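# An overview of the molecular structure
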Amino acid sequence: MSTPTMSHRLAAEFIGTFWLVLGGCGSAVFAAKFLSDDGFSLGIGFLGVALAFGLTVLTGVYAFGTISGGHFNPAVTLGAALARRVEWKAVVPYWVSQVIGGLLAGLVIYVIASGKEGWTATGNMAANGYGAHSPGGYSLAAVLLAEVILTAIFLLVILGSTDNRAPKGFAGLAIGLTLTLIHLISIPISNTSVNPARSTAVAFFNGNGAPAQLWAFWLAPLVGAAIAGIAYQYLFGVADELADRPVRDDAR
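These numbers come from a predicted model, not from an experiment. In this numbering scheme, every chain counts its residues from 1 along its sequence in written order. Two thresholds apply to this predicted model, a pLDDT of at least 70 for residue-level local features and 80 or more for giving and counting side-chain atom pairs, whereas whole-chain, interface and lining totals are computed over all residues. Processing note: side-chain calculations cover all non-hydrogen atoms of the structure and skip hydrogens and water entirely.

## Regarding the overall build of the chain
- A count of helices and strands for the chain gives nine helices and zero strands.
- Along its sequence from the N terminus, the chain presents helices and strands in the succession α-α-α-α-α-α-α-α-α.
- Over its C-alpha atoms the chain spans a radius of gyration of 18 Å, differing by no more than 12% from the 18 Å that the globule rule assigns to 252 residues.
- Oriented by its inertia axes, the alpha-carbon framework of the chain measures out at about 60 × 40 × 30 Å. Going along the chain from the N terminus, every DSSP run of H or I of four or more residues is numbered as a helix, and every run of E of two or more is numbered as a strand. Computation of the radius of gyration draws on C-alpha atoms, with the globule rule given as 2.2 Å multiplied by the number of residues to the power 0.38.

## Re the pattern of salt bridges
- In the sections that follow, a salt bridge refers to a side-chain nitrogen of Lys or Arg positioned within 4 Å of a carboxyl oxygen of Asp or Glu. Under the criterion given, the structure shown has three salt bridges.
- Close ionic contact of Arg85 with Asp163 constitutes a salt bridge, the shortest N to O distance being 3.8 Å. Of the two residues, Arg85 is situated in the loop between helix H3 (74-82) and helix H4 (91-113) and Asp163 in the loop between helix H5 (140-161) and helix H6 (171-190); the sequence distance between them amounts to 78 residues.
- Per-residue accessibility, obtained with a 1.4 Å probe over protein chains only, is compared with the maximum for each type, and a residue is labelled buried under 20%, exposed over 50%, and partly exposed between these values. Given the relative accessible area of 5%, Arg85 is considered buried.
- Here Asp163 falls in the buried class, since its relative accessible area comes to 3%.

## Brief notes about the nonpolar core
- Throughout, nonpolar core names a set of buried Ala, Val, Leu, Ile, Met, Phe, Trp, Tyr and Cys residues whose side chains join them through atoms within 4.5 Å. Counting residues in hydrophobic clusters, the biggest one holds 42 residues, and the most contacted among them are Val21, Cys25, Val57 and Phe154.
- Elements that contribute at least two residues to this core include exactly helix H1 (6-30), helix H2 (45-68), H3, H4, H5, H6, helix H7 (196-206) and helix H9 (216-236).
- Ignoring any residue separated from it by four or fewer positions in sequence, one finds Val21 in contact with Gly26, Gly102, Ala105, Gly106, Ile109, Arg198 and Ala201. In what follows, residue pairs with any heavy atoms lying within 4.5 Å of each other are defined as contacts.

## Comments concerning the environment of Thr200
- If you trace the backbone, Thr200 turns up in helix H7.
- On a C-alpha basis, the gap between Thr200 and Ser114 in space is 19 Å, while along the polypeptide they are 86 residues apart.

## Notes on a nonpolar patch on the surface
- Within this analysis, patches are made of residues with over 30% relative accessible area and no salt bridge. Like charges are joined at 9 Å or less; nonpolar side chains (Val, Leu, Ile, Met, Phe, Trp, Tyr) at 5 Å or less. The protein chains shown are the only cover counted for residues, whose accessible areas, like all others here, come from Shrake-Rupley with a 1.4 Å probe. On the surface, Leu47, Leu51, Leu55, Leu181, Leu184 and Ile185 cluster together to form a nonpolar patch covering roughly 550 Å² of accessible area.
- Secondary-structure elements contributing two or more residues to the nonpolar patch are H2 and H6.
- Among the structural elements, Ile185 can be located in helix H6.

Everything listed is a geometric property; what it means functionally is a separate question.
What follows is the structure, given as structure tokens:
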């Protein structure tokens, strides 16, 4: 089987991130709150949005993981590089593809949502935030702590489920369910980032303070991912067959 070229890998990261943002943020914008003509709520709520994010990454990992590693997230790429699962020269190209893919999905959400009379993007694009822009009014310190810890756990699950010692074929399921659980915990706290590309994708369309707070949703996930990427081998070691293996992309 031929090794995917860098252009193939970047295309996979672009499409995968596009799908993650469209499915996750799109569900929050279009379906989280929805009333029937008689006033009955048909919205999917926090649970539905959490499942949407989990399902997008689950399907994306199974579809594109063998091509690019299925990161769809700059924090995952950084953690994978620190854990020696992807080569460092791929980090910046991956980040660029992820951010552009996410922004395109944000644009698609904006264009579709604008087709509803009376809808405005300001404050309605599922942006992340702290303080007055946190769904539950959580402080900057609380949001940073939650994002660092949850991203670190996310990376540990990713690295563990893609370890050569792990059962084969279940990584996508583990990763998707973990992202679902992360959203169930933190949607009220920060609207859940753990992914700088996801945060960037909608911040500028959303406005209402989101662009000014975007730094937090790059800093915290990258710090959490770095902690996990560095700590993984010290916490759990590496499989014997990986000990002398050159740096590679983390196949999932």
